[in-house]
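Structural overview
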Amino acid sequence: MQELKRTLDAKGHGVLEMPSGTGKTVSLVSLIVAYQLAYPLDVTKLIYCSRTVPEIEKVIEELRKLFEYYEKETGEKLNFLALALSSRKNLCIHPEVSCLRFGKEVDGKCHSLTASYIRARHSRDSGVPFCRFYEEFDANGRQVPISSGVYNLDDLKTYGRQKGWCPYFLARYSILHANIIVYSYHYLLDPKIADLVSKELAKNSVVVFDEAHNIDNVCIDSMSVNITRRTLDRCQSNIETLQRTIQKIRDSDAAILKEEYRRLVEGLKEANIARETDVYLANPVLPDEILQEAIPGNIRTAEHFVGFLKRLLEYLKSRLRVQHVIQESPPSFLKDIFEKVCIERKPLRFCAERLRSLLRTLEIADLTDFSPITLIANFATLVSTYAKGFTIIIEPFEDRTPTVANPILHFSCMDASIAVKPVFERFQSVVITSGTLSPLDIYPKILDFRPVTMATFTMTLARTCLCPIIVGRGNDQVAISSKFETREDIAVIRNYGNLLLEMSAIVPDGIVAFFTSYQYMENIVASWYEQGILENIQRNKLIFIETQDAAETSMALEKYQEACENGRGAILLSVARGKVSEGIDFVHHYGRAVLMFGVPYVYTQSRILKARLEYLRDQFQIRENDFLTFDAMRHAAQCVGRAIRGKTDYGLMIFADKRFARADKRGKLPRWIQEHITDANLNLTVDEAIQVAKYFLRQMAQPFRKEDQLGLSLLTLAQLQSEEMLQKIEQITHQI
């Protein structure tokens, strides 16, 4: 908390690593809320970004507890508004729209009921469908601000149903005067969404990115575009639809097109004032200076612009007819497009904005059909705006299926700092935090910012409740490793099987095992089946497997938890970087041991990765090997960290690969795991590991009461205020 306060006092950015399950969220939230109350003018808003909807709900619940505590202590209600914001899919209460399955469909349908021209049409002809919830909100919702309190997604929906207002637009409108907003990363980092949602948030806000160990990948994905042959074919039909619509309007009402032309001549500033429901195809990174200019003459009229899109499309089609891999920079791509089809850079930069204007003028109701052409327009704008930090890779086929022709153009962002830069520049304090951020110094490098505080914290424990061990050999002394050379070795696979088999006999309830990839997991499990190892494991515990199908995986998780509950015991086989390793907590008996089979390196043959590694080496002087090891270790730590979700929890962390024992790998683990790895546990055989685990589990099975923690890992108010404790805290702060 002191480090966080230091960051806020300095009005700078901070990087904080705190062990998972030690009240990280509540520490952050309670300090920042107290800071908002003490200095209401310095910090007006807390923007808390998390990754998934369950995590967002968790933060809101912590806030609810905090607000209740304030009320209990002070006797009066906190006059604070805290709310969660999510997509239309999670907030819509319209009976027909909300039952659609995909988010894109919900967005499209919503737009076709709420766009300003649809509503204008409805006022002339009452037969035109409209959304009564939006109309109600528009008529009454803006005058009466939502009353203070804590609202999660369900609360917003209930409130919306009571009042008959649309919860999504109510939340979007309310974030302007809310004290605390909790939403997903993409609302700040993806320029297409941030432009809509987060544009007007005050500068003196504090932004917290929680679980931010993957923040660089989120930034990169939000700025990258992939174009396949199918995208281009669907674009073709989009352009034909546009042509037909323009022709129809020209015959019936040419004045609309003339009006649009006049608007474009006068510049785009007006186009910017479009009403909130229309600003739909937001623009990826349109620099503000563009909005001051007029759109270039050669794409001003609708027909000319469609002709321009056709030329662009034909050019892209010709580029996808490749026999071998091509990699080039945006400037050389622009040079080529100018030489081949005479398209200059300037009209390309306005492409996304011009398309947005056209779709609005043509009053196209369902915009989901136009996502391919929007994608191409966004690509055109990006490729002409950024000369550095991006690469274009055109591959005739996918690496894994070299015989099937499936050309794809990757416009790949290599610099994570491009998407996050506006956030660092705009808000006075940005705090990046997670349980696994080691080594700390790499994040400021790849995100290109200067933090005022960087700290990694360890756990204060009343008993050593985590036991990390590194198993480097089988009982037959064969080194175990997921290295490519020994991957198929039958002895290694057998030793992995023996390790799991022996563990399943001594660990109570649940065990989670992580593999480095789906393919590797399939090979090993098949091999275990042939050797009869699986059969032996199933005598001890049931086995569940994570697959790439989300529905199957959630079913497996449900049954896994059931088997842990009823005493049968279970093993979940999953994959590092998969859904399970990222967002699911195995509290208490759901995860008494976590096994990491191998070091989870990313697939290193991918050309996009190679380009990014080159860029990191040239721009930030980060060696390839360092970055790959850092990436593998943050995922390994993420996997094993799932087992400890609090100070009363306990679990074994088993790293099954001899490479983990090397100092360069071990040194990149978070400090709270590192400090528990003793030299004795560095390179064990399977049998030795079992002995260590047995001893640890026996220690943990002893009664452990709340009183045992007092004064060590839990303080009463009196203890906290005592003189000696305050001195101790002072010492700890100095060590950090």
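Small disclaimer: the values here were computed from a predicted structure and weren't measured. (Residues numbered from 1 in each chain as written. Predicted model: local features only at pLDDT ≥ 70, side-chain atom pairs only at ≥ 80, totals over all residues. Heavy atoms only, no water.)

Mapped onto the secondary structure, Thr381 falls in helix α20 (residues 371–385). Within the local environment of Thr381, its side chain forms a polar contact with the backbone nitrogen of Ala352, the two atoms lying 3.2 Å apart. (Helix = DSSP H or I, 4+ residues; strand = E, 2+ residues; numbered from the N terminus. Polar contact = N/O pair within 3.5 Å; in protein donor to acceptor, adjacent residues only side chain to side chain.)

The next subject is the side chain of Ser434. When you line up the elements, Ser434 lands in strand β11 (residues 429–434). Polar side-chain contacts of Ser434 include one of 2.8 Å to the side chain of His213. Polar side-chain contacts of Ser434 include one of 3.2 Å to the backbone nitrogen of Thr436. Not counting residues within four places of it along the chain, the set of residues in contact with Ser434 comprises Leu16, Glu17, Met18, Lys24, Glu211, Ala212 and His213. (Contact = heavy atoms within 4.5 Å.)

Time to look at the pattern of salt bridges. Between side chains of opposite charge, pairing is possible as soon as their charged atoms come close. Taken as a whole and judged by the stated rule, the model has 39 salt bridges. One salt bridge in this structure joins Glu135 and Arg119, with 2.8 Å as the shortest N-O distance. Pair noted here: Glu135 is in helix α7 (residues 132–141) and Arg119 is in helix α6 (residues 116–124), with a separation of 16 residues, a long-range link. In this structure, a network of salt bridges that share partners links the residues Asp216, Arg577, Arg612, Asp631 and Arg634. (Salt bridge = Lys/Arg side-chain N within 4 Å of Asp/Glu carboxyl O.)

Attention now goes to the pairing of strand β10 (residues 408–413). When you tally the buried positions in β10, you get 6 out of 6 residues, the bulk of the element. Along β10, one buried face is formed by Ile408, His410 and Ser412 and the opposite face, lined by Leu409, Phe411 and Cys413, is buried too. Bridging between strand β7 (residues 225–228) and β10 involves 4 bridges; their strand directions are antiparallel. Opposite Thr228, over in β10, you have Ile408 as the bridge partner. With 6 bridges connecting them, strand β9 (residues 390–395) and β10 associate as antiparallel partners. Note on β10: the bridge partner recorded for Ile393 is His410. (Buried < 20%, exposed > 50% of the residue type's maximum accessible area, 1.4 Å probe, protein only. Pairing = 2+ DSSP bridges.)

Among the nonpolar cores identified, the biggest contains 157 residues, and Tyr183, Phe209 and Leu242 are the most heavily contacted of them. Discounting residues that sit within four places of it in the chain, Phe209 has contacts with Cys49, Tyr185, Leu188, Leu189, Ile215, Val423, Val430, Val431, Ile432 and Thr433. Within the second largest apolar cluster, 43 residues are counted, among which are Leu501, Met503, Leu573 and Ile690. (Core = buried A, V, L, I, M, F, W, Y, C linked by side-chain atoms within 4.5 Å.)

The next subject is the environment of Asp708. Along the polypeptide, Asp708 turns up in helix α33 (residues 706–709). When the C-alpha atoms of Asp708 and Ala462 are compared, they prove to be 7.0 Å apart, with 246 residues separating the residues in sequence. Those residues within four positions of Asp708 in sequence are excluded, and the remaining contacts are Ala462 and Pro703. A polar contact is formed between the side chain of Asp708 and the backbone nitrogen of Arg705, at a distance of 3.0 Å.

Looking now at the sheet that holds strand β1 (residues 13–17). Judged by pairing direction, the sheet is parallel, and its 8 strands sit side by side in the order β4-β3-β5-β2-β6-β11-β1-β12 without closing on themselves. Taken across any chain shown, the strands that pair with only one partner, and hence form the sheet edges, are β4 (149–151) and β12 (451–456). With strand direction ignored, the average angle separating the axes of adjacent strands in the sheet is 10 degrees. The pairing of β1 with β11 spans 4 bridges and is classified as parallel. Bridging across to β11, Val15 finds its partner in Ile432. Where helix α2 (residues 24–38) meets the sheet, its contacts fall on β2 (45–50), β5 (180–184), β6 (205–209) and β11, and the angle it forms with β2 comes to roughly 165 degrees. (Axes fitted to C-alpha atoms, helices over the stretch in contact; angles between N-to-C directions.)

Turning to α6, a few remarks are in order. When we look at burial in α6, the residues that qualify are Ser116, Tyr117, Ile118, Arg119 and His122. The elements touched by buried residues of α6 are α5 (103–114), α7 and α19 (351–361).

Time to look at the packing of helix α17 (residues 330–341) against α20. Axis separation between α17 and α20 bottoms out at 8 Å; the angle between their running directions is 115 degrees. Classified by the angle their axes make, α17 and α20 are roughly perpendicular. Across from Pro330, Phe333 and Leu334 in α17, the residues of α20 making contact are Phe379, Val383 and Ser384. (Parallel < 35°, antiparallel > 145°, perpendicular 65-115°, else oblique.)

On inspection of all chains with the given rule, the structure shows 0 disulfides. No disulfide involves Cys99; its sulfur sits 8.8 Å from that of Cys92, the nearest cysteine. Free cysteine Cys639: the closest other cysteine sulfur is in Cys564, separated by 17 Å. The class for Cys639 is buried, based on a relative accessible area of 1%. (Disulfide = S-S within 2.5 Å.)

Okay, the confidence of the model for the protein next. On average, the protein scores 89 in pLDDT, and the residues at 70 or more come to 96%. The lowest-confidence element of the protein is helix α15 (residues 288–292), averaging 55 in pLDDT; the highest-confidence one is strand β17 (residues 593–597), averaging 97. Segment residues 273–284: pLDDT under 50, and 47 contacts once partners within four positions in sequence are set aside and those in other chains are kept. (pLDDT = per-residue confidence, 0-100.)

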